[in-house]
Structures are given as C-alpha cells and as structure tokens.
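If you want the building blocks of each chain, they are given just below.
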Amino acid sequence: MRDPTGFLSIEYQELVDKALDWRLKTIQGPSEPVAIVDGKEVLILCSNNYLGLTTHPKLKEAAIQATRKYGVGSGAVRAISGTMDLHMELEKRLAKFKGSEASLTYPTGFQANSGLIPQLVGDQDLIISDELNHGSIIDGVRLSRGERTVYKHNDMNDLARVINEAEKRIPQYKRILIITDGVFSMDGDITHLDQVAKIGAEHGAMVYVDDAHGEGVLGEGGRGILSHFHLDHKRVHIEMGTFSKAYGTVGGHISGSEDLVKFALNKSRTWLLSSSPPPPVVASTIAAIDVLEKEPQHVKDLWANTRYFKKAVEDLGFNTGVSQTPIIPLIVGESYVAKALANKLYERNIFVVPIVFPMVSRDKARIRVQMSANLRKQQLDDVISKLESIGKELKII
Ligand SMILES: *Cc1c(COP(=O)(O)O)cnc(C)c1O
C-alpha cells in the first residue's frame, strides 16, 4: 500500500541530518536591537529593520488611528471592494517619493515579483536574470512562458554577451526583460544599474530592478537605487520594492509609468486574487514615507554605523567580500566555521545567522551582519571586541 504522507517525515529528517533545517528563534517583544530571544537578552544583528521604523512612534500612532477609524481588515481583494482611500493615498505618496508617474502596492514583495514577472513575458520572449537574484524573482521567472537565461553575477560583459548571443540565435524575440536585484542580499553589493540600463536601451529591452534592500538605504533620503544612479523610469522601466525592510511594515510595490500600473493591476493574479493590505499597515506605511521625508537622520545614522562597523571588522582582518551597503557578510570559508562563529556569538548574547551551502557556495560560508540606524556605538564596540576574541579563537583572523 502507498503511504500517502510518509515522505513528509522522511524528507524533513534528511534536512535535519544535513543540518539544513530551520530551528526558529522566538522574539518576545518588539523588533529592536536589544530584544529577548528565547528568554535571553541579545543584540540582534540580522534584521531588515534598517532604520528602526518598526517601532517608530509616528508609525505606531498611525496604525492605532487607522484601526480606530477603519478596523483591522479590508474585507476583499483590491479589484472587488478592498480598495480604500488609504490604499490610493499610499500609492500617490509613494509615486511622488519615487518620482514615478504611478505606483502600485501588492500584499507582499514576493507577490509583486511572482505575479508581475510572468505577465511581462510570453512564449516568444526572453528573460535575462542575474544568477544571484532573489527567490521571488526566480519563482516569477519560472511561472513565465518566456525563454530564460542567466548572466554571471553583476558581470556586465557577461550580460552583453548573453543578450548578443540570444539575439543572434533568435532575432525575432518580441520582448526582452533584463531583471536584477538592486542590492544583493547575501553579499551586500550593488548592481551596476547604470550599465544594465545602457545595455537594455541598446537592445530595446525592458529593465526591472528589485530594490528590496536599497530602499530607505540608497539614494537621496533613502529614495532607492534609481536615485543613487540618477536614473529615471524611462531607463529602468520597473522599480519593484517592499515595505517589509527599511520601511518597517509589510507590503510589496512597483513604480513606473501609468501604463505599467494599469497593466500590472489588471494582469497580476497575486494582485487580483489576494486580499488588500489591512488599514493599520497601509496607514503606518504612509507614516514611514513621512518619516523618510522629514527625518533624514535615520538614513544618515544607518550609514555612519555601516562605515564604522565595516572599517573596524576589516581592520581586524575579517573578509567582508564585495559589500557596499549595510549588509556586511563576514566570509569565513567552511560551513562549520560559520556555524561555530554564530554559536559562540549567540552564547555571548549576539544574534546573527550563519549562511551556508546551498545559499552560498561551499567555500564562502559566512555570517551575515546587517546594520541598523538605531544601534549605539557602544553596542557596536561590544560586538567588535567579541568578534576579535572569537575570531582569534577560531583562527579566522
Ligand atoms: C525580501 C525580499 C523580497 C520579498 O519581499 P516581501 O515583501 O518580504 O515579500 C523580494 N526581493 C528581495 C530582493 C528581497 O530581499
């Protein structure tokens, strides 16, 4: 007899045997640098809360007020009866902030990518994707009927080679989509978006950037990667992002032309068939844009901490790879070394995660440190001194 669900425990056990299963750590309280995790007070260095906005008083107050006025749910998908004036206001504010004709919000960033990408390319079209793009892009690409190809990570010569060879092979592609992360989440490097846009323009290709880790971080006042490179939506046609990182709330979004937004909302199944974000989330996201516009110190603090910490760990002899952003990996080589480093830091009340194969190549295991605006210098100094002693103990430095 066939055992209908036997594979569940077998496959789970395989992950456990390879130490690839997730053991969840529980945060008992708000997401702040100092938090109680599984009953113990630790410093969190693995949060996407880059600007500390998850607990900003203006965002909390906006959520409370919106809950009083609108309740906690929107009651429907956007297309039926789930569009509130709050959603429209958020999209207007976001478009203004991004300098785009229009913006559209999705329930999550994952849904923006997995819902929109498959609609942009059909079976006579080509997608060219950076090999280290985020999983939500990979899923979006898999759901599309276009031909798929990848270029070497952030390698502009390889991008040009791939697009030239593809066009020679099949000159009649109707559309070409070049898609890339803006800031790469494992290495913290920034895509050469100016060159991607140039190569795109030479071939009449659409250019799509996922700026999840660049928003609130790069560009003027945290406006993101287009601002960082002084590009506009005529050169980079689709700017995608998420409110779940620096903005401190949750929700995906795209910005670009009016035509893009009208197309996206009529075609993305994840937009049409998934309920709209709840009022307290939408209101606090509007407040996050307010804070970005009126309180530039958060982005400045984030970068001051980033420069200070990166220099200190590099001076100690740690390898931070190609990091250019508040994502600072400490690359140590073998998986067991990365795990030992993370464990020893945790014993000493510092919470970071080891990133090992298959997320990165076998010889590039690391811990990934993420900076935040609300880390104090004294806290960073404490981390640096613990890294020095553990790094020596494990013979990393
Ligand atoms: C986090 C992330 C997403 C997904 O965003 P959510 O809003 O959390 O679903 C998409 N792309 C990249 C590059 C990300 O880092």
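In this text, all values refer to a predicted model and were calculated from it rather than measured experimentally. (Residues numbered from 1 in each chain as written. Predicted model: local features only at pLDDT ≥ 70, side-chain atom pairs only at ≥ 80, totals over all residues. Heavy atoms only, no water.)

A. Looking closely at the environment of alanine 95. On the secondary structure map, alanine 95 appears in helix H3 (residues 85-98). By relative accessible area, which is 6% here, alanine 95 ends up buried. The spacing of alanine 95 and serine 255 is 160 residues in sequence and 6.6 Å in space, taken between C-alpha atoms. The residues touching alanine 95, leaving out its near neighbours within four places in the chain, are Ser100, Glu101, Ala102 and Ser103. (Helix = DSSP H or I, 4+ residues; strand = E, 2+ residues; numbered from the N terminus. Buried < 20%, exposed > 50% of the residue type's maximum accessible area, 1.4 Å probe, protein only. Contact = heavy atoms within 4.5 Å.)

B. Examining a nonpolar patch on the surface more closely. A cluster of nonpolar residues, Trp22, Leu24 and Met359, forms a patch on the protein surface that exposes about 430 Å² of accessible area. Within the fold, methionine 359 resides in the loop between strand E12 (353-355) and strand E13 (365-370). Overall, methionine 359 belongs to the partly exposed group, its relative accessible area being 42%. (Patch = residues over 30% accessible without salt bridge, like charges linked within 9 Å, V, L, I, M, F, W, Y side chains within 5 Å. Areas by Shrake-Rupley, 256 points an atom, 1.4 Å probe, with all protein chains shown as cover. Salt bridge = Lys/Arg side-chain N within 4 Å of Asp/Glu carboxyl O.)

C. Quick look at the pattern of salt bridges. Tallied over the full model, the rule gives 21 salt bridges. For the salt bridge of lysine 58 with glutamate 295, the shortest nitrogen-to-oxygen distance reads 2.8 Å. Pair noted here: lysine 58 is in helix H2 (residues 57-70) and glutamate 295 is in the loop between helix H11 (279-294) and helix H12 (297-316), with a separation of 237 residues, a long-range link. Aspartate 381 serves as the salt-bridge partner of lysine 377, at 3.3 Å between the closest nitrogen and oxygen. With a gap of four residues between them, lysine 377 and aspartate 381 both fall in helix H14 (residues 377-393), about one helical turn apart. Taken together, the salt bridges that share partners define one network made up of Arg93, Asp290, Glu293 and Lys294.

D. Expanded view of the nonpolar core. One finds Leu45, Leu193, Phe309, Met371 and Leu387 to be the most contacted residues of the largest nonpolar core, which totals 79 residues. If one sorts the elements of this core by residue count, H11 sits on top with eight residues. Excluding anything up to four places from it in sequence, phenylalanine 309 contacts Ile328, Val369, Met371, Leu380, Val383, Ile384 and Leu387. Ranked by size, the runner-up nonpolar core spans 22 residues in total, among them Ile127, Ile137, Met206 and Ile238. (Core = buried A, V, L, I, M, F, W, Y, C linked by side-chain atoms within 4.5 Å.)

E. Representation of the sheet that holds strand E9 (residues 252-256). Pairing is mixed in the open sheet, where seven strands are placed in the order E3-E9-E8-E7-E6-E4-E5. With partners counted over all chains shown, the strands left at the sheet margins are strand E3 (102-106) and strand E5 (147-151), one partner each. Neighbouring strand axes in the sheet, compared pairwise and without regard to direction, differ in orientation by 20 degrees on average. With five bridges joining them, E3 and E9 adopt antiparallel strand pairing. Opposite tyrosine 106, over in E9, you have glycine 252 as the bridge partner. Sitting on the sheet, helix H9 (residues 258-267) is in contact with E3, strand E8 (238-242) and E9, with an inclination near 25 degrees to E3. (Pairing = 2+ DSSP bridges. Axes fitted to C-alpha atoms, helices over the stretch in contact; angles between N-to-C directions.)

F. Molecular detail of the sheet that holds strand E10 (residues 327-333). The strand order across the open sheet built from three strands is E10-E13-E12, with neighbouring strands paired in antiparallel fashion. In the strand order of this sheet, the two ends are held by E10 and E12, each with one partner. Along the sheet, successive strands turn relative to each other by an average axial angle of 35 degrees, direction set aside. Here E12 pairs with E13 via three bridges, running antiparallel. Among the inter-strand pairings, valine 353 is bridged to a residue of E13, identified as arginine 368. Across the sheet, helix H13 (residues 335-347) lies against E10, E12 and E13, angled at about 40 degrees from E13, the strand it touches most.

G. Representation of the environment of threonine 149 in the model. Relative to the assigned elements, threonine 149 resides in strand E5. The class of threonine 149 is partly exposed, set by a relative accessible area of 22%. Spatially, the C-alpha atoms of threonine 149 and alanine 246 are 31 Å apart, while their sequence positions differ by 97 residues. Apart from the residues within four sequence positions on either side, threonine 149 is in contact with Leu126, Ile127, Ile128, Ser129 and Val162.

H. Structural context of the pairing of E5. Here strand E4 (residues 126-130) runs beside E5; their pairing, made up of five bridges, is parallel. Paired with serine 129 across the strands is valine 150, a residue of E5. Following the backbone out of E4, through helix H5 (residues 135-143) and into the adjacent parallel E5, one traces a crossover that is right-handed. (Right-handed = clockwise from strand over helix to strand, strands pointing away.)

In short, the description is geometric, and any link to function would need to be established separately.
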